[in-house]
Amino acid sequence: YTGAACLLGLYAGRGAGGEEDSQVLPLLLDQLGAWFRDSVGSSNGGIRCMDVLGPEACGQPNLERCGSLLSDTFSFCLDVLEQNDIDPFGAGAGT
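The structure reproduced in this document is the subject of the present report. (Residues numbered from 1 in each chain as written. Predicted model: local features only at pLDDT ≥ 70, side-chain atom pairs only at ≥ 80, totals over all residues. Heavy atoms only, no water.)

1. Structural notes on the environment of Phe 89
This is how it is decided: Where helices and strands are cited, they refer to DSSP runs of H or I of at least four residues and of E of at least two residues respectively, numbered from the N terminus.
Position of Phe 89 relative to the elements: it lies in the segment after helix H4 (63–83). Along the backbone, Phe 89 and Leu 78 are eleven residues apart, and their C-alpha atoms lie at a distance of 9.8 Å.

Below, the structure written as structure tokens:
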């Protein structure tokens, strides 16, 4: 979740001198939080590592489980960026 929030901030956030504050970033972060809680939290009883993998496995990534979660979350981020006319692959992306 944290990495996805950073990804959205990289492309949708503003902060350099002369740039206006981003009006869309807070909305994207709200969408990410709601999606993550619904898609991960509802099926695992929470969104923490120990909720997803169990207390014994937390800290020892499960390639199948964690890889799938990373892929799904990255896809979600790309979708919401696209829906807001932000192209992370376009010229000057992230600048």
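Next, the rest of the story.
2. Section: the pattern of salt bridges
To be explicit about the condition: Between Lys or Arg on one side and Asp or Glu on the other, a salt bridge is scored when a side-chain nitrogen of the former is within 4 Å of a carboxyl oxygen of the latter.
Tallied over the full model, the rule gives one salt bridge. Here Asp 51 ties to Arg 48 by a salt bridge, and the two come within 3.3 Å at their closest N and O atoms.

3. Section: the side chain of Thr 73
Threshold: Between N or O atoms, a polar contact is any pair within 3.5 Å; within protein, one atom must be a potential hydrogen donor and the other a potential acceptor, and residues adjacent in sequence are included only when both atoms are from side chains. Here a residue-residue contact requires only that any non-hydrogen atoms of the pair lie within 4.5 Å.
Relative to the elements of secondary structure, Thr 73 occurs in helix H4. At 2.8 Å, the side chain of Thr 73 and the backbone oxygen of Leu 69 are in polar contact. With residues near it in sequence (within four places) discarded, Thr 73 still touches Ala 4, Leu 32, Trp 35 and Phe 36.

4. Some remarks on the packing of aromatic side chains
The geometry of an aromatic ring pair comes down to the distance between the two centres and the angle between the two planes. The condition is simple: Whether two aromatic rings pair depends on their centres lying within 6.5 Å, for rings of Phe, Tyr and Trp, where Trp uses its six-membered ring; planes under 30 degrees apart make the pair stacked, over 60 edge-to-face, and the rest tilted. Buried, partly exposed and exposed residues are distinguished by accessible area as a fraction of the type maximum, computed with a 1.4 Å probe on protein chains only: under 20%, between the cut-offs, and over 50%, respectively.
Overall, the coordinates contain three aromatic pairs when judged by the stated rule. Ring centres of Tyr 1 and Phe 36 lie 5.5 Å apart, and the angle between their planes is 55°; on these two criteria the pair is classed as tilted. Taken together, the residues span a long stretch of sequence, with Tyr 1 in the segment before helix H1 (2–12) and Phe 36 in helix H2 (residues 25–44) at a distance of 35 residues. Residue Tyr 1 is classed as partly exposed on the basis of its relative accessible area of 40%. For Phe 36, a relative accessible area of 4% translates into the label buried. Look at Trp 35 and Phe 76: their rings are 4.7 Å apart centre to centre, the planes differ by 15°, and that puts the pair in the stacked class. Placement of Trp 35 in helix H2 and of Phe 76 in helix H4 is noted, with a sequence separation of 41 residues between them. Relative accessible area serves as the criterion here: at 23%, Trp 35 is assigned to the partly exposed category. By way of ring pairs, the aromatic residues Tyr 1, Trp 35, Phe 36 and Phe 76 are connected into one cluster.

5. Focus: the packing of H1 against H4
Our working rule: Lines fitted to the C-alpha atoms define the axes, with helices restricted to the stretch that makes contact. Angles between their N-to-C directions range from 0 to 180 degrees. Angles below 35 degrees are treated as roughly parallel, those above 145 as roughly antiparallel, those between 65 and 115 as roughly perpendicular, and all remaining angles as oblique. Note on convention: near helix rotated counterclockwise from far helix by under a right angle means a left-handed crossing. Clockwise means right-handed.
Close contact between H1 and H4 brings their axes to 10 Å; oriented N to C, the two are set at 25°. Our classification of the angle between H1 and H4 gives roughly parallel. Of the two possible hands of crossing, H1 and H4 adopt the one that is right-handed. Contacts between H1 and H4 involve Ala 4, Leu 7, Leu 8, Tyr 11 and Ala 12 from the first element and Thr 73, Phe 74, Cys 77, Val 80 and Leu 81 from the second.

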